[in-house]
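# Working through the structure, step by step
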Amino acid sequence: MHDDEKHLRAALRVAARGVSHTSPNPAVGAVIVRGGRVLARGFHRKAGGPHAEIEALHALKNPALARGATLYVTLEPCSTHGRTPPCVEAIIRAGFARVVVGAVDPNPAHAGRGLELLRAAGLAVTSGVLENECRELNAGFNKWIVTGLPLVIAKAGMSLDGRLTRPPGEGRWLTSPAARADAMRLRARVDAILIGAQTLRADNPRLTVRGVPGSRQPWRVIVTRSCDLPKRAHVFTDAHRDRTLVFRGQSLRTVLRELGRRGLSSVLLEGGGRVLGDAFDRRLVDRIHFYLAPLLCGGPVPAIGGRGVAATIAAPQLRHPHYQKIGSDLRLTAEVAYPL
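Read on for a plain summary of the structure. (Residues numbered from 1 in each chain as written. Predicted model: local features only at pLDDT ≥ 70, side-chain atom pairs only at ≥ 80, totals over all residues. Heavy atoms only, no water.)

With the rule as written, the count across this model stands at 1 aromatic pair. With a centroid separation of 6.3 Å and an interplanar angle of 45°, the aromatic rings of Phe141 and Trp144 are classed as tilted. Here Phe141 and its partner Trp144 are both found in helix 6 (residues 139–147), 3 residues apart, which amounts to about one turn of the helix. (Phe/Tyr/Trp six-rings, centres within 6.5 Å; stacked < 30°, edge-to-face > 60°. Helix = DSSP H or I, 4+ residues; strand = E, 2+ residues; numbered from the N terminus.)

Okay, structure coming up:
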């Protein structure tokens, strides 16, 4: 089991190279091992391209080396024909003796079927090794493939008293450069960034990924009631203007459903307070990613607006909260659970 975890961690590391580039497919990594020695690695690079298992097979110097070897893969090999042939067939043909899988495919249409086919062909199959880590790698895909909705992450940089901005005329940023760099890495991992029209008018944000080598630009989504938006805003005029979407007069759930229909499996809500409040009121937020600056700004506008809850017992709860100091700020990440 120790060796299984070691080699599956190697598969996780290589899988991470595909994060944000494979959507709507999951990021997957594979490692081929024989006699304790790693022979080849592969990862899914982009939707429509070879899957991780096939990439690893192609990386072998001699295809015959796969016979009798062990394949480590972070996600159950596919068993149906999509844009590429089923990976289970290639695995069986290659002659692997054993396959070690991290997480079972969450797609209800064929969850576990790939493992059954491999066992029926005589391969030894072990599943559930580092399952939590492997599932976390594709949290967005796991929700989207089952519900059709993207994973929704509420992100904000705020003062300790829950304000999003400094007093007028004192600049835009509350958080430290280190926290803003960390937020850029978060942007680089999602499919879309969503804001409200008020934030667009007040801040004219670029909503781009900067300082993250190899990243791709997420979609930029603007929700508005009136569509009275500044035509010269960066999102409408810069080099990424073709990756900007505007939704007028639609509920946030409807917007998220449409983004899911377009194959976007993760959305970062960056504000403002009205959008974040609406998302919590409608129980749409799956996770939070808050940066708390050591400031007390005061003022009338909270980071999270909306109706709020009528009683504490009805308030969203944070599960598995994690705190980390970044620069002068404190980052809080957690999953959001709603009372029944």
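The next point concerns unusual backbone geometry. Cis geometry is found at the peptide bond from Ser23 to Pro24, where omega equals 10°. Residue position: Pro24 is located in the loop between helix 1 (2–15) and strand 1 (29–34). Although it is not a glycine, His320 sits at a positive phi angle of roughly 50°. With respect to the element layout, His320 can be found in strand 12 (residues 317–326). Assessed through its relative accessible area of 62%, His320 is described here as exposed. (Buried < 20%, exposed > 50% of the residue type's maximum accessible area, 1.4 Å probe, protein only.)

For the rest of this paragraph, the subject is the sheet that holds strand 4 (residues 98–103). One open sheet accounts for 5 strands, arranged 2-1-3-4-5; its pairing is mixed. Two strands in the sheet have a free side with no partner beyond their single neighbour: strand 2 (37–43) and strand 5 (124–127). Put simply, the sheet's adjacent strands are angled 15° from each other on average, direction ignored. Pairing analysis gives 5 bridges linking strand 3 (residues 70–75) to strand 4, with the strands arranged parallel. Across the sheet, residue Tyr72 finds its bridge partner in strand 4, namely Val100. Against the sheet, helix 1 contacts strand 1, strand 2, strand 3 and strand 4, and its axis sits at roughly 55° relative to strand 3. (Pairing = 2+ DSSP bridges. Axes fitted to C-alpha atoms, helices over the stretch in contact; angles between N-to-C directions. Contact = heavy atoms within 4.5 Å.)

The subject of this paragraph is the sheet that holds strand 6 (residues 151–159). Spatially, 9-8-7-10-6-11-13-12 is the arrangement adopted by the 8 strands of the open sheet, whose pairing is mixed. The open sheet terminates on both sides in strands that have one partner only, identified here as strand 9 (244–248) and strand 12. Strand-to-strand twist in this sheet, taken as the mean axis angle between neighbours without regard to direction, amounts to 20°. Bridge analysis of strand 11 (residues 287–293) against strand 13 (residues 329–337) gives 6 bridges, and the strand direction is antiparallel. Its bridge partner being in strand 13, Phe290 is matched across the sheet by Leu332. Contacts from helix 11 (residues 273–281) reach strand 6, strand 7 (192–196), strand 8 (219–224), strand 10 (266–269), strand 11 and strand 13, with the element oriented near 135° to strand 6.

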